[in-house]
Amino acid sequence: MEIRLQQAPFLPGALLDAFTARLGGAGAVVSFTGIVRDEAGTLGAMEIEHYPGMTERALEQIGREAMARWTLADLLIVHRHGRLAPGEPIMMVATASSHRAAAFESAEFLMDYLKSRAPFWKKEIGADGAAWVAAKDADEDALGRWSSEP
Amino acid sequence: MEIRLQQAPFLPGALLDAFTARLGGAGAVVSFTGIVRDEAGTLGAMEIEHYPGMTERALEQIGREAMARWTLADLLIVHRHGRLAPGEPIMMVATASSHRAAAFESAEFLMDYLKSRAPFWKKEIGADGAAWVAAKDADEDALGRWSSEP
Amino acid sequence: MIDVLYFAWVRERIGLPKERVETDAATVAELVEELKAREARYAAAFEDVSALRVALDQDLADFDASLRGVREVAFFPPMTGG
Amino acid sequence: MIDVLYFAWVRERIGLPKERVETDAATVAELVEELKAREARYAAAFEDVSALRVALDQDLADFDASLRGVREVAFFPPMTGG
């Protein structure tokens, strides 16, 4: 299990190849990458605030919970903070298992928990000012599906 | 939509970075990579036979079906044939969407259809001889969840 | 005349990947009966058609499908891609 | 004495990221009432606690949780990671 909290940009594919190269016999690798969107073309930057100390604890807890729920060969969580430009990767997760269902489910689990339980807050900085991104009810609701054992 | 059928090895992460770089505003990218397993340490090689002509048609159909069912910015399917060594990637899919649920679901859909509807047959070549990999009922069953509209 | 293709263990059991077949079979099932009557290796390959899949002109089909207008029939085990 | 941390728009509304607070509050809710009574900017930040989350010593907690033994309280809006 590898967890990275960083300001620096990263290349998801380069991390995916490194993650895959060190796996033993796992046959299924799933990755998710979140990218700073700018559909309207008006976003100047995204600023990601976090809670130093609690963030690392939360990422570790979420990772350990996924390792406990599914039979995984390995998992990776990378999350940035600070100022990001449109089109840059914000975060990624990767999971590896012998079974594709376990790899997919655990990656979705990591994403649902990162969205609503890891102490990050996004602020969009545009030409007309800045605004905090509101949490979505759908993201909170998504956690419900993990309340029973898989 | 990009579809590749090839004998040559490939690096999933390199393809993922190229796929991500050419996306416009999509915020969510999911990838799945299938790797030649060798849990027992006895596998010499995996030989993948396919049905030239039908394979390309099937991959195109499966890709177009995913693009029709979900709002995707792009998708990628890569599948190898011929002789593969343990640890080598067999295939990958990548999907990109504004919404992570669409990216995850469409990647799972592509995998379920590739497993049971694309004309590939795997043969494991070991020290003691060769054996065709049997299709799993679970893979056939997995298709059932896509029988209604998402 | 119809092209008949075999893949994976069906190809190995019959001993060839492809052949041209002169047939008046109206359906896949009738073609299978004709092939089984030929030689033991065909009878062995088609012994349990529930373990086989068939494609007509490169689209998956059923064993009771009509062969009218079909140019290429392929027999193979369930696919194991991905 | 307890460390109180604010994040995102809670930090902006109150105007500081962290402060040490002398309090006898037994619960988070009592601490919130004390803070609201201080100044308008606190009253504004804590106007609707249903829009806020609280962590005690870096673990998520409820507003009726006890502050006994707690050294660090953090208030923030719902998280938007990932």
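Residues numbered from 1 in each chain as written. Chains lettered and ligands numbered in written order. Predicted model: local features only at pLDDT ≥ 70, side-chain atom pairs only at ≥ 80, totals over all residues. Heavy atoms only, no water.

1. Quick notes on the overall build of chain A
As a reminder of what qualifies: Secondary structure follows DSSP: runs of H or I at least 4 residues long count as helices, runs of E at least 2 residues long count as strands, and numbering of each begins at the N terminus. Radius of gyration here uses only the C-alpha atoms, and the compact-globule reference equals 2.2 Å multiplied by the residue count raised to the power 0.38. Pairs of residues are marked as contacts when any of their non-hydrogen atoms sit within 4.5 Å.
In terms of regular secondary structure, chain A is built from 4 helices and 8 strands. Start at the N end of chain A and walk to the C end: the helices and strands fall as β-α-β-β-α-β-β-β-α-β-β-α. Against the globule reference of 15 Å for 150 residues, chain A gives a C-alpha radius of gyration of 16 Å, in line with a compact fold. Along the first, second and third principal axes, the C-alpha atoms of chain A reach 50 × 35 × 30 Å. Restricting to contacts in chain A with at least 6 residues of sequence separation, those with at least 24 account for 76%.

2. Points about the arrangement of the chains
Comparison of the 3 pairs of chains in contact shows the highest number of contacts for chains A and B. When C-alpha atoms are compared, chain C and chain D, though not in contact, are closest at a spacing of 28 Å.

3. Thoughts on the environment of A:Ala142
Position of A:Ala142 among the secondary structure elements: in helix H4 (residues 137–142). Note: C-alpha distance between A:Ala142 and A:Glu108 (34 residues apart in sequence) is 9.6 Å. In this view, A:Ala142 contacts A:Asp112 and B:Arg100; residues no more than four positions away in its chain are not counted.

4. Considering the relation of the copies chain A and chain B
Just so we agree on the cut-off: Each copy is superposed on the other by least squares, with the fit set by C-alpha atoms of residues at a pLDDT of at least 70 in both.
By a simple turn and slide, chain A fits onto chain B: the slide is 0.0 Å along the axis, the RMSD is 0.0 Å, and the turn is 180 degrees. Put plainly, the chains are arranged around a two-fold axis. For chain A, the residue whose C-alpha comes nearest the rotation axis is A:Gly13, separated from it by 1.8 Å. A shared interface surface links the copies, since 100% of the contact residues of chain A are contact residues in chain B too.

5. What to know about the sheet that holds strand S1 (residues 2–6) of chain B
What counts here: Two strands form a pair only when DSSP identifies at least two bridges running between them. Comment: axis = line fitted to C-alpha atoms, over the contacting stretch for helices; angle = value between 0 and 180 degrees taken between N-to-C directions.
With mixed pairing, 8 strands are arranged side by side in an open sheet as S1(A)-S4(A)-S6(A)-S2(A)-S2(B)-S6(B)-S4(B)-S1(B). The open sheet has two edge strands with one neighbour each: strand S1 (2–6) of chain A together with S1 of chain B. Taking each pair of neighbouring strands and ignoring which way they run, the sheet shows an average axis angle of 10 degrees. Both strand S2 (residues 28–35) of chain A and strand S2 (residues 28–35) of chain B contribute to a ladder of 7 bridges, which runs antiparallel. Among the inter-strand pairings, A:Thr33 is bridged to a residue of S2(B), identified as B:Val29. Here helix H1 (residues 12–21) of chain A sits on the sheet and contacts S1, S2, strand S4 (74–80) and strand S6 (89–97) of chain A together with S2 of chain B; the angle it forms with S6(A), its principal contact strand, is near 20 degrees. Sitting on the sheet, helix H1 (residues 12–21) of chain B is in contact with S2 of chain A together with S1, S2, strand S4 (74–80) and strand S6 (89–97) of chain B, with an inclination near 20 degrees to S6(B).

6. Regarding the confidence of the model for chain C
For clarity, the cut-off: What pLDDT reports is the predictor's confidence in each residue, on a scale of 0 through 100.
Per-residue confidence for chain C averages 97 on the pLDDT scale, and 100% of its residues sit at or above 70. Predicted complex, confidence summary: ipTM 0.94, pTM 0.95.

7. Description of the interface of chain A and chain B
Note the threshold: What gets called buried area is simply the loss in accessible area from a 1.4 Å probe that two parts show on being joined, summed for both. By convention in these notes, a salt bridge is any Lys or Arg side-chain nitrogen within 4 Å of a carboxyl oxygen on Asp or Glu. Pairs of N or O atoms are called polar contacts if they sit within 3.5 Å, as long as, within protein, a hydrogen donor faces a hydrogen acceptor (for residues adjacent in sequence, only side-chain-to-side-chain pairs).
On the side of chain B, 30 residues touch chain A, which itself brings 30 residues to the contact. Buried area between chain A and chain B, summed over both chains or domains, comes out near 2,600 Å², and the portion from carbon and sulfur atoms is 55%. Where chain A packs against chain B, one counts 4 salt bridges. Among the salt bridges present, the one from B:Asp112 reaches A:Arg100, with a minimum N-O distance of 2.6 Å. Put simply, chain A and chain B have 13 residue pairs in polar contact (both at pLDDT 80 or more) between them.

8. Points about the packing of aromatic side chains
What counts here: Side-chain rings of Phe, Tyr and Trp (the six-membered ring for Trp) are treated as a pair once their centres are within 6.5 Å; stacked means planes under 30 degrees apart, edge-to-face means over 60, and tilted covers the remaining angles. For every residue, the accessible area obtained with a 1.4 Å probe (protein chains only) is divided by the maximum for its type, and the residue is called buried under 20%, exposed over 50%, and partly exposed between those limits. Two conditions define a charge sitting above a ring: the NZ of Lys or the CZ of Arg must be within 6 Å of the ring centre, and it must be within 35 degrees of the ring normal.
Counted under the stated rule, the structure contains 28 aromatic pairs over all chains. Both rings, one in D:Tyr6 and one in D:Tyr42, keep their centres 6.5 Å apart while their planes meet at 70 degrees; by these two values the pair is edge-to-face. Here D:Tyr6 is found in strand S1 (residues 2–6), whereas its partner D:Tyr42 is found in helix H3 (residues 40–45), with 36 residues between them in sequence. Per residue, the accessibility class of D:Tyr6 equals that of D:Tyr42, and both read buried. Of the aromatic side chains, those joined through ring pairs into one cluster are C:Tyr6, C:Tyr42, C:Phe46, C:Phe63 and C:Phe75. The cationic tip of C:Arg38 hangs over the ring face of C:Tyr42; the distance from NZ or CZ to the ring centre is 5.2 Å.

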